[in-house]
Amino acid sequence: MSEGKTARASYTEMTELVLPQHGNVLGSAFGGTVLAWIDVCGAIAAQRHCHRVAVTAAIDEVNFLAPITVGDVVVLSARVNAAFRTSMEVEVEVKDEDATTGHRRRCVDAFMTFVAVGEDRKPCAVPPLIAESADDERRRAEAETRRAERLAKRRN
């Protein structure tokens, strides 16, 4: 395992254009398409943190806040909120961007857990996450609460 890393080191931003094949009969993006983009963006952030392949272990929460329509430019951003023994919580935000003004509107939030995988395809240790601010500490504490809730559900 390497030394700790900051959330800034894992930060990932992706841009997608919502094309007709991404839309439903109402002209909004399919939720599944948006989830696939979220999964890719989150995985890249996790892999940047641990420098290994990282696989999706759980999606703790996804909130669709506003519709995304065909023709929109979508900006996804992801960061690691917490690092545990072999897993990491990654937060992904999805915003649409007005092409004429550059204004971004938050459309989707997601919290996901990724597990680092070694060459033997078994979970392996991840570097600790170094908090740089009170916001980083808050995100870590909230991630620990979500993790405890997820693990408690598994035991029941």
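Analysis parameters
- Residues numbered from 1 in each chain as written.
- Predicted model: local features only at pLDDT ≥ 70, side-chain atom pairs only at ≥ 80, totals over all residues.
- Heavy atoms only, no water.
- Helix = DSSP H or I, 4+ residues; strand = E, 2+ residues; numbered from the N terminus.
- Rg over C-alpha atoms; globule rule 2.2 N^0.38 Å.
- Buried < 20%, exposed > 50% of the residue type's maximum accessible area, 1.4 Å probe, protein only.
- Contact = heavy atoms within 4.5 Å.
- Areas by Shrake-Rupley, 256 points an atom, 1.4 Å probe, with all protein chains shown as cover.
- Lys, Arg positive; Asp, Glu negative; His and termini not counted.
- Charge placed at Lys NZ, Arg CZ, Asp CG, Glu CD.
- Core = buried A, V, L, I, M, F, W, Y, C linked by side-chain atoms within 4.5 Å.
- Expected span 1.5 Å × (residues − 1).
- Arc of directions from axis to C-beta.
- Polar contact = N/O pair within 3.5 Å; in protein donor to acceptor, adjacent residues only side chain to side chain.
- Disulfide = S-S within 2.5 Å.
- Pairing = 2+ DSSP bridges.
- Axes fitted to C-alpha atoms, helices over the stretch in contact; angles between N-to-C directions.

Regarding its fold elements, the chain presents three helices and seven strands. Helices (α) and strands (β) of the chain occur, in sequence order from the N terminus, as β-α-β-α-β-β-β-β-β-α. The globule rule puts the C-alpha radius of gyration for 156 residues at 15 Å, and the 16 Å found for the chain is close to it. Per-residue burial over the chain gives 43% buried out of 156 residues. Expressed as a percentage of contacts within the chain between residues at least 6 apart in sequence, the contacts between residues at least 24 apart total 73%. Taken as a whole, the chain presents about 8600 Å² of accessible surface, with 52% of it coming from carbon and sulfur. Across the chain, 21 positive and 23 negative side-chain charges occur, with their mean positions spaced 6 Å apart.

Another point: the nonpolar core. Counting 30 residues, the largest nonpolar core has Ile38, Ile68, Leu76 and Met88 as the members making the most contacts within it. Listing elements by their share of this core, those giving two or more residues are helix H2 (31–50), strand E4 (73–83), strand E5 (87–97) and strand E6 (104–117). With eight residues, the single largest contributor to this core is H2. Setting aside anything within four residues of it in sequence, one finds Ile38 in contact with Leu76, Val92, Val94, Val108, Ala110 and Met112.

Take helix H3 (residues 134–155) next. Helical geometry: 3.6 residues make up each α-helical turn, so side chains three or four residues apart lie on a common side. The first and last C-alpha atoms of H3 sit 32 Å apart over 22 residues, in line with the 32 Å expected at 1.5 Å per residue. If you check which residues of H3 are buried, you get Asp136, Arg139, Ala143, Arg146 and Arg150. Looking down the long axis of H3, one finds its buried residues gathered within 90 degrees of arc, a one-sided arrangement. Residues of H3 that are exposed and point more than 90 degrees away from the buried face comprise Ala134 and Arg155. Elements in contact with the buried residues of H3: strand E3 (53–64), E4, E5, E6 and strand E7 (129–130). Two to three positions downstream of the cap, the backbone nitrogen of Asp135 sits 3.3 Å from a side-chain oxygen, assigning the N-cap of H3 to Ser133.

Once that is clear, we can look at the state of the cysteines. This model, assessed by the stated rule, comprises zero disulfides. With no disulfide of its own, Cys41 lies closest to Cys107 among cysteine sulfurs, the gap being 14 Å. Free of any disulfide, Cys124 has its nearest neighbouring cysteine sulfur in Cys50, separated by 6.6 Å.

This part takes up the sheet that holds E6. On the basis of which strands lie adjacent, the open sheet formed by five strands has the order E2-E4-E5-E6-E3 and antiparallel pairing. Whereas interior strands pair on both sides, the edge strands pair on one side only; in this sheet they are strand E2 (12–17) and E3. Strand-to-strand twist in this sheet, taken as the mean axis angle between neighbours without regard to direction, amounts to 25 degrees. As paired strands, E5 and E6 are joined by 11 bridges and run antiparallel to one another.

To continue, consider the environment of Ala66. When you line up the elements, Ala66 lands in the loop between E3 and E4. For the pair Ala66 and Thr101, spaced 35 residues apart in the sequence, the C-alpha separation amounts to 18 Å. Those residues in contact with Ala66 that lie beyond four places of it in its chain are Arg105, Arg106 and Cys107.

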